[in-house]
Structures are given as C-alpha cells and as structure tokens.
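Here is how the chains run, residue by residue.
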Amino acid sequence: MCGIFGCLLKGGSAAPLIHVALKRLEYRGYDSVGAATVYEGRLYVKKDQGNVDAVHAKLHLDNLPGRLGIGHTRWATHGAPLQKNAHPQLDCDNRIAVVHNGVLENFSGLRQELEERGHVFRSKTDTEVIPHLIEESMKAGLGFADAVREAVKRLEGSYAIAAICTQEPDKIVCARKESPLVVGIGDSSIYCASDIPAFLPLTKRAIAMRDGEFAILSDAGAEIKKIADWSPVEREPETITWDLEMAEKLGYPYFMIKEIHEQPESLRNTLRLQDTYLDLMATFLDRAREVFLVACGTSYHACLAASHMFSKLAFRSTQPIIASEFVQRAGDSISVDSTVLAVSQSGETADTLSAVMHASNRAATILGLTNVIGSTLTRVSRTYTCQQSGPEIGVAATKTFTAQVSVLAQIAIKLGEKRGKLFHEEAKTLRKKLQQIPEIVERIIATQEEKIKGLAKKYRDKRCFFFLGRGISTATASEGMLKLMEIAYVPAITYPAGESKHGPISLIEEGFPVVFVCPNDSTRKATIGNIMEMKARGAVVLAIIEEGDEEIKNLADDYVEVPKGVPEVLTPIPYVVPLQLFAYHMAIERGCNPDMPRNLAKSVTVL
Ligand code: F6R
C-alpha cells in the first residue's frame with residue numbers, strides 16, 4: 001500500500017501542494033518519498049528514502065518548478081527502501097515519470113523483454129517497467145495518453161498510476177485496477193490521489209475511479225475512459241462530507257474496522273507474491289534438518305496455523321515457539337543444522353529479534369516473513385518474504401494476520417510439491433481455493449457483520465469466554481481469544497477443544513460463553529462432541545460454522561456462517577474474520593477504543 005498524488009493547477013506552483021498531500025497520505029507508507037514536476041520541457045525530480053519530513057528536510061520538496069506534478073509515498077514491496085527505488089520512476093530519457101501503488105505480477109518478464117530491447121533499468125521496483133513501456137509506444141508514434149493505455153494493457157496485477165511527460169506537459173494521465181484512485185475537482189485545479197484526504201482541504205468534489213478506468217487530467221477537466229474499449233465514462237463528482245479525520249479512515253469510525261474490511265484487498269495482494277520468493281523459502285525449509293517457527297502474539301498464531309499446513313501439505317514437522325520462550329526451550333540445541341522461520345509483521349519485535357540473534361549466533365539459518373521491507377528482520381535473515389499487507393495502524397493485528405497465514409499457506413503448498421507430498425493437481429486445486437478466499441472474506445463481512453453486532457450486544461456483559469477448536473482451528477481460536485482480550489478487555493481462555501475436559505471444563509456453569517471454531521473438516525465430529533459436553537454443563541455456545549451446517553445450528557445458541565468450500569488447511573483465514581468482527585463490536589459495545597488498547601504498542605521493541 002503506497003500513496004500516490006497528482007496535481008494540475010491553472011496557475012501557481014504544484015510542488016508545495018504535492019508535499020502536503022504526501023504528508024496526509026503518509027499513513028499508507030513512509031519508507032521513501034518522491035515528487036516530479038514538468039516545467040519548460042524538462043522533468044524535475046526529487047526523491048529519497050525516509051518519511052516525508054526527513055526527505056523534505058534534506059531535499060526541500062516544495063522547491064520544484066511547474067504547475068503540474070505527481071508525488072508518491074512508498075511502502076516497499078519490490079526493492080528495498082532506497083533512493084533508487086523511490087518513486088517517481090522514469091524512462092531511459094528522463095521524459096516520463098510514473099508513480100504507482102499496487103503490485104505487478106508480470107514485471108520480471110516485462111523487464112527482461114524491455115532490457116533485451118535496450119532499456120536501462122535503474123531500480124529494483126516492479127513499477128519501473130511502466131515508464132519504459134510508455135517510452136516504447138511514444139517512440140513508435142503514439143500520443144502520451146494512448147501510450148499509457150498501451151502500457152497498462154500489458155500489466156498483470158494491481159495498480160493505480162499517475163504519469164506525466166515532457167512532450168505533453170499539460171496533462172496527468174492516470175489509471176486504476178484493484179488499487180484505489182480518486183480524482184478531485186477544484187475550481188482552478190484538478191487532482192488525483194490514492195485517497196480523499198490527500199486533497200480534502202483543497203476540494204470536496206471527488207470522482208471515485210473504478211477498476212479498468214483511465215483518466216486524462218487537463219485544464220479542460222477530467223476525461224474518464226474505459227481502458228478496454230476507450231469508451232467514455234460519464235460520472236458526476238460527489239460532494240465529500242467527511243472531515244479530514246474521517247477521510248483518513250475512509251469514513252470508518254476506527255482503523256481496526258477499516259483494516260478488517262480491507263482484508264479482501266490485502267489478501268489479493270498476498271496472492272501476487274513472486275514465485276521465486278516462495279520457491280526460495282520452500283527450498284530452505286526442504287533442506288533444513290529441524291525447523292522452528294518463532295514469533296509473538298498474533299504472528300505466533302499464524303505460526304501455529306503454519307505448523308499444521310507444513311505438516312499436512314508437506315509432511316514437514318515444525319516447532320512453533322513463542323519468541324520470548326525460544327532461548328529457554330530450544331536455545332542450547334540450536335546449531336548450524338537448525339532453521340528458524342521468524343514471523344513478525346513489524347520486523348522489529350524485540351523478543352523475536354532476540355530469538356533470531358541467538359539462533360544466528362549459533363549459525364542457524366534465519367528466514368523471515370514480515371510486512372516491513374528494510375526492518376531489522378529483513379536485514380538479519382538469510383532470505384525473507386514480504387507479506388504485502390500495507391501499513392496496519394490499528395494496534396490489534398487483523399489484516400496482517402490473514403496475510404501472514406495466506407503467505408505461509410503458499411509456502412506450504414510449494415514445499416509440499418517440492419517434497420513430492422502434493423500432486424500437481426492437488427496443489428493446483430489448493431491455489432485455486434486460495435484465490436477464492438478474498439471473495440469469501442468479502443461475503444462474510446457483507447452478510448454476517450450485522451448479526452455479529454447483535455451478538456456483541458447479547459454477550460457484552462459476559463465476564464469470561466472460552467475459545468475452543470481442534471486441529472488447525474486451535475490457531476484460529478487462539479487468535480479470536482487474543483483479539484477479544486486485548487481490545488474489549490474481556491478475560492478469555494483458549495484450549496484445544498479436546499483438552500478442555502482435562503481441567504478447564506470445571507469453569508463451566510450456567511450461561512458461561514464458549515466460542516467454538518468448527519469448520520466442516522476432519523475435526524468436526526470430535527468438536528461436536530465437545531459442544532455437547534459444554535452444553536450439558538450449561539454453557540452458552542457461539543459457533544463459527546460452515547454455511548448450512550444444520551447439526552451445529554441446532555446444538556449452538558448462536559452461530560456465524562462461513563461460505564462452503566474452504567479446504568481444512570485454509571480455514572484460519574476466513575474463520576478468523578467473524579472473531580475479529582466480534583472482538584471489534586464487543587469493544588464498541590463496552591465503550592473501549594479498539595485502535596488504542598490500554599498498555600499496548602503496535603511494535604513492542606523491549607524485551
Ligand atoms: C495483537 C498484536 C500483537 C503482535 C505481536 C507481534 O493484535 O498485534 O500480539 O502480533 O506484538 O508483533 P510483530 O508481528 O510485529 O512481531
């Protein structure tokens with residue numbers, strides 16, 4: 001998730017507006033910043049690593065000539081957060097500048113093709129193929145807008161782009177597919193941006209662009225067309241009634257709920273990971289003598305789910321260990337034969353890094369999965385994969401959990417194939433099912449949230465909860481428990497459902513709430529047995545079930561349904577979503593601020 005901005009004024013200087021707009025977009029990413037303007041037939045570019053204030057202090061972003069320009073604040077996915085990888089990216093002749101938010105799946109093939117035709121690349125970004133593609137078409141005689149259209153037609157993946165060029169210095173051309181883009185219409189100005197807050201103080205009139213649309217911004221206004229057939233799109237601007245704070249949350253009251261709703265999009269991005277990264281990870285895991293999965297909190301729950309996936313899909317036994325326990329539990333045995341896969345959204349969690357350093361000092365192989373390229377974890381890992389979720393602002397991890405599980409599932413499938421434990425057809429089916437998960441999550445949010453709100457009203461005064469599941473659903477239940485505790489301040493306990501009868505069941509009395517995670521998988525029958533045990537002792541059961549599971553519907557007091565057709569190993573992704581929503585609405589019911597849970601920090605950098 002990056003922030004893009006474009007600005008065309010009838011008079012005056014665009015650069016100061018680009019600078020403040022980037023500041024307002026910084027919540028979308030902040031590891032490098034850049035801006036470009038066109039003035040008297042020349043492109044002026046300033047860009048560097050660092051956040052907006054740091055880059056401005058060094059380069060004076062306000063000081064670029066021209067009434068038209070584009071800007072970018074980056075959340076690295078391809079290429080480290082270095083100056084050369086900052087946007088705008090340029091063509092060979094420094095005539096075309098492009099900013100991009102999204103992930104291109106086919107950039108390596110395009111890059112190779114362009115390099116063979118003599119284009120010189122200066123960055124490691126996927127974006128850089130775009131200005132070179134535009135350059136090719138313009139050299140072949142096309143006008144700027146047509147050349148951009150030809151370029152985007154070749155792109156696979158997601159993009160929102162804005163481009164400018166010296167040959168046609170009076171327009172900004174932009175296009176979108178699966179990444180947000182809005183056009184702002186001022187009295188004597190026109191803007192494009194990833195998000196409304198970028199231009200909200202300048203104009204309240206906005207046109208939301210849709211997938212497959214293209215816009216040419218000029219003094220005449222915004223001309224919108226469909227990329228596919230170049231047909232014109234007529235859409236009147238809407239008047240935005242949000243204030244700046246609401247706009248940053250896209251109208252949601254809290255970042256947490258915005259991020260829960262963002263999951264279909266962030267999950268789609270995780271499915272655009274380059275195969276080479278997955279393959280490299282799988283190769284290391286295949287060769288390892290022993291594998292530890294090390295993490296804290298929510299990331300640890302992703303590791304719990306992954307241990308089931310690796311075992312079921314690749315017959316690879318792994319040990320998930322809470323990072324702060326790693327040295328005590330496994331420290332002395334770590335050697336050159338050990339492999340540690342550390343999972344950390346921030347890549348900066350002190351407990352995780354301390355475990356990693358211990359393992360590294362004993363010559364173990366360190367692999368990383370993180371959301372932050374350039375974080376400490378990426379620097380100390382032999383190889384790492386970026387989960388591509390974009391920044392998460394709510395303290396409670398939501399979209400980053402489902403993204404971690406999705407990436408780990410992709411690695412497990414790869415590993416299963418490598419080890420000959422998954423047939424090609426099985427792997428293909430699982431990948432197809434993974435592709436369907438974003439839509440399933442969309443449906444859960446659309447159809448179940450109102451019901452979950454009602455459940456939060458019903459359960460708001462309960463003083464303690466059990467979260468139970470079996471097999472891979474123990475990971476889902478654990479994550480549901482953590483969410484409820486940390487943002488709604490309700491004590492909650494999680495156990496593998498089968499273990500609950502070995503002690504914890506003595507807590508059950510009339511009305512004690514028990515949440516069961518019960519997909520229609522190999523554990524379902526046994527879990528139904530546990531539901532009956534709990535019901536017999538007076539528990540109130542809230543079950544997360546597969547759509548249409550009449551048997552559990554009849555047993556449970558309440559249920560939330562997840563669409564059919566999710567393979568067992570992928571269930572944690574959709575089944576955790578009702579639990580995230582439940583925790584969020586419980587927090588609201590109980591008057592807690594879910595974005596700022598007490599005593600917590602987004603990144604815990606102390607031991
Ligand atoms: C819970 C939560 C924390 C983090 C944990 C690890 O919602 O966010 O439990 O998961 O502090 O953080 P990372 O993944 O950044 O290492």
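Being a predicted model, the structure only gives us computed values, none of them experimental.

Let us look at the layout of surface pockets. In this approach a probe as big as a water molecule rolls over the atoms, and the regions it shows empty are the leftover space. Each pocket or cavity is described by its volume, and for the largest pocket that value is around 760 Å³. If you go around the largest pocket, you meet 32 residues; those closest to its centre are Arg-176, Pro-180, Asp-195, Leu-250 and Glu-265. For the lining of the largest pocket, the secondary-structure elements that each account for two or more residues are strand E11 (205-208), strand E15 (238-239), helix H7 (255-261), helix H8 (263-270) and helix H15 (424-459). Among the elements that take part in the lining of the largest pocket, H8 stands out by supplying four residues, more than any other. In terms of residue class, the lining of the largest pocket is built from 15 nonpolar, five polar and 12 charged. Both of domain 1 (3-248) and domain 2 (265-589) provide at least three residues apiece to the lining of the largest pocket.

Attention shifts here to the pairing of strand E2 (residues 32-39). In summary, the side chains of a regular strand alternate between the two faces of the sheet. Within E2, seven of the eight residues are buried, which leaves it mostly tucked inside the rest of the structure. As defined by bridge partners, E2 adjoins strand E3 (residues 42-49) across eight bridges and the pair is classed as antiparallel. Note that in E3 the partner of Val-38 across the bridge is Leu-43. Between E2 and E3, which pair antiparallel and follow one another directly, the connecting turn spans two residues, one of which, Glu-40, has a positive phi of 45°. Strand direction decides the pairing type here: E2 and strand E4 (residues 68-74), joined by six bridges, are antiparallel. Bridge pairing in E4 places Ser-32 opposite Arg-74.

This paragraph deals with empty space enclosed by the protein. Under the definition given, this model contains two cavities of 30 Å³ or more. Roughly 210 Å³ of internal volume is contained in the largest cavity. Along the wall of the largest cavity there are 26 residues; nearest its centre are Met-1, Cys-2, Asn-101, Gly-102 and Val-103. Ranked by residues supplied to the lining of the largest cavity, first place goes to H8 with three residues.

Now for the packing of aromatic side chains. Scanning the model with the defined rule gives 10 aromatic pairs in all. Arranged with centres 6.1 Å apart and planes meeting at 20°, the rings of Tyr-191 and Phe-199 form a pair that is stacked. Judged by relative accessible area, Tyr-191 falls into the buried class, the value being 3%. Between Tyr-459 and Phe-582 the ring centres are 6.1 Å apart and the planes differ by 80°, which places this aromatic pair in the edge-to-face class. Within this pair, whereas Tyr-459 is found in helix H15, its partner Phe-582 is found in helix H19 (residues 572-589), the two being separated by 123 residues in sequence. Each of the two residues, Tyr-459 as well as Phe-582, counts as buried. Connected via pairs of aromatic rings, a cluster forms that spans Tyr-459, Phe-465, Phe-467 and Phe-582.

Across the sheet, eight strands lie side by side as E3-E2-E4-E1-E10-E9-E11-E15; this open sheet has antiparallel pairing. The open sheet has two free edges, formed respectively by E3 and E15, since each of these has just one partner strand. Running over the sheet, helix H1 (residues 15-24) touches strand E1 (3-9), E2, E4 and strand E10 (189-193) and is turned about 155° from E1.

Here the focus is the site of the ligand. Taken together, the neighbourhood of the ligand is formed by 14 residues, with Ser-299, Ser-344, Ser-346, Thr-349 and Glu-486 sitting nearest. For the ligand, an oxygen atom lies 2.5 Å from a polar atom in the side chain of Thr-349. When the ligand sits alone it has 410 Å² of accessible area, and the protein chains cover 90% of it. Elements with a minimum of two residues in the shell around the ligand: helix H10 (297-314) and helix H16 (473-488). Its residues assigned to classes, the shell around the ligand comprises five nonpolar, seven polar and two charged.

All right, on to the pairing of strand E7 (residues 159-165) then. Burial analysis of E7 places seven of its seven residues in the buried class, the great majority of the element. Neither face of E7 is exposed, since Tyr-159, Ile-161, Ala-163 and Cys-165 on one face and Ala-160, Ala-162 and Ile-164 on the opposite face are all buried. Where E7 lies against strand E8 (residues 172-177), five bridges are found, and the strand directions are antiparallel. Within E8, the position partnered with Tyr-159 by the bridge is Lys-177. From the end of E7 to the start of E8, which pair antiparallel, there are six residues.

So, on to the sheet that holds strand E22 (residues 492-496). The strand order across the open sheet built from five strands is E22-E21-E23-E24-E25, with neighbouring strands paired in parallel fashion. Each end of this open sheet is capped by a strand with a single partner; those strands are E22 and strand E25 (558-562). Strand-to-strand twist in this sheet, taken as the mean axis angle between neighbours without regard to direction, amounts to 15°. In terms of strand pairing, strand E23 (residues 513-518) meets strand E24 (residues 540-546) through six bridges, oriented parallel. Bridge pairing links Val-514 to Val-541 in E24. Along the sheet face, H15 touches strand E21 (465-469), E23, E24 and E25 and points at about 170° away from the line of E25. Lying on the sheet, H16 is in contact with E21, E22 and E23; it crosses E21 at an angle near 160°.

Take unusual backbone geometry next. With an omega of 0°, the peptide bond between His-87 and Pro-88 qualifies as cis. Mapped onto the fold, Pro-88 is located in the loop between E4 and strand E5 (89-90). Non-glycine residue Ala-363 carries a positive phi angle of around 70°. Looking at where Ala-363 falls in the secondary structure, it is placed in the loop between helix H12 (350-361) and strand E19 (365-370).

Before going further, it helps to examine the side chain of Thr-571. Looking at where Thr-571 falls in the secondary structure, it is placed in the loop between E25 and H19. A distance of 2.8 Å separates the side chain of Thr-571 from the backbone oxygen of Glu-568, its partner in a polar contact. Not counting residues within four places of it along the chain, the set of residues in contact with Thr-571 comprises Ile-472, Ser-473, Pro-519 and Val-566.

Moving on: the domain arrangement of the chain. The domain architecture assigned to the chain consists of domain 1 (3-248) and domain 2 (265-589). Look at where the C-alpha atoms of domain 1 and domain 2 centre, and you get two points 37 Å apart. Taken residue by residue, the interface counts 19 residues in domain 1 and 15 residues in domain 2. If you look at where domain 1 meets domain 2, you find two salt bridges. For Glu-105, the salt bridge goes to Arg-272, with nearest N and O atoms at 2.8 Å.

On to the nonpolar core. Of all hydrophobic cores here, the largest spans 86 residues; its most connected members are Phe-310, Leu-341, Phe-465, Phe-467, Leu-484, Phe-582 and Met-586. With 12 residues, H15 is the largest single contributor of residues to this core. The residues contacting Phe-465, other than those within four sequence positions of it, are Tyr-459, Leu-484, Val-490, Pro-491, Ala-492, Ile-493, Phe-512, Pro-513, Val-515, Phe-582 and Met-586. Ile-96, Ala-145, Ala-163 and Trp-230 belong to the second-largest nonpolar core, a separate cluster that totals 29 residues.

Rules behind the numbers
One numbering rule holds for all chains: residues counted from 1, following each sequence as written. For a predicted model such as this one, the threshold for reporting local features is a pLDDT of at least 70, and the threshold for listing and counting side-chain atom pairs is 80 or more; totals across whole chains, interfaces and linings nevertheless cover every residue. Calculation of side-chain values draws on the structure's entire complement of heavy atoms; hydrogens and water are dropped beforehand. For cavity detection a 1 Å grid was placed over the protein atoms alone, and a set of points counts as a cavity when a 1.4 Å probe fits there but cannot get out; an open set counts as a pocket when protein lies on both sides within 12 Å along at least five of seven lines, with lining residues being those that have an atom within 4 Å of a point. Grid points are joined across faces, edges and corners, and a volume is the space filled by probe spheres set on the points. Put simply, DSSP marks the helices as runs of H or I at least four residues long and the strands as runs of E at least two long, and each gets a number from the N terminus on. All amino acids are sorted into three groups, where Ala, Val, Leu, Ile, Met, Phe, Trp, Tyr, Cys and Pro are nonpolar, Asp, Glu, Lys and Arg are charged, and the leftover types, Gly among them, are polar. How far each domain reaches was decided by an automatic or database domain assignment. Each residue's exposure class comes from its accessible area (1.4 Å probe, protein chains only) as a fraction of the maximum for that residue type: buried when under 20%, exposed when over 50%, partly exposed otherwise. Only when DSSP finds a minimum of two bridges between them are two strands counted as paired. Aromatic rings from Phe, Tyr and Trp, taking only the six-membered ring of Trp, are treated as a pair when their centres fall within 6.5 Å; an angle between ring planes under 30 degrees marks them as stacked, one over 60 as edge-to-face, and anything in between as tilted. Here, two residues are considered to be in contact whenever any of their heavy atoms come within 4.5 Å of each other. Helix axes use the C-alpha atoms of the stretch in contact, all axes being lines fitted to C-alpha atoms, and the angles between their N-to-C directions lie in the range 0 to 180 degrees. One heavy atom within 4 Å of a molecule or strand is enough for the residue carrying it to be called near that molecule or strand. In protein, a polar contact requires one atom able to donate a hydrogen and another able to accept it; more generally it is a pair of N or O atoms within 3.5 Å, and residues adjacent in sequence count only if both atoms are side-chain atoms. Shrake-Rupley sampling with a 1.4 Å probe provides the accessible areas, and residues are treated as covered by the protein chains on show and by no other component. By salt bridge we mean one thing: a side-chain nitrogen of Lys or Arg within 4 Å of a carboxyl oxygen of Asp or Glu. Among buried residues, the Ala, Val, Leu, Ile, Met, Phe, Trp, Tyr and Cys ones that are joined through side-chain atoms within 4.5 Å form a nonpolar core.

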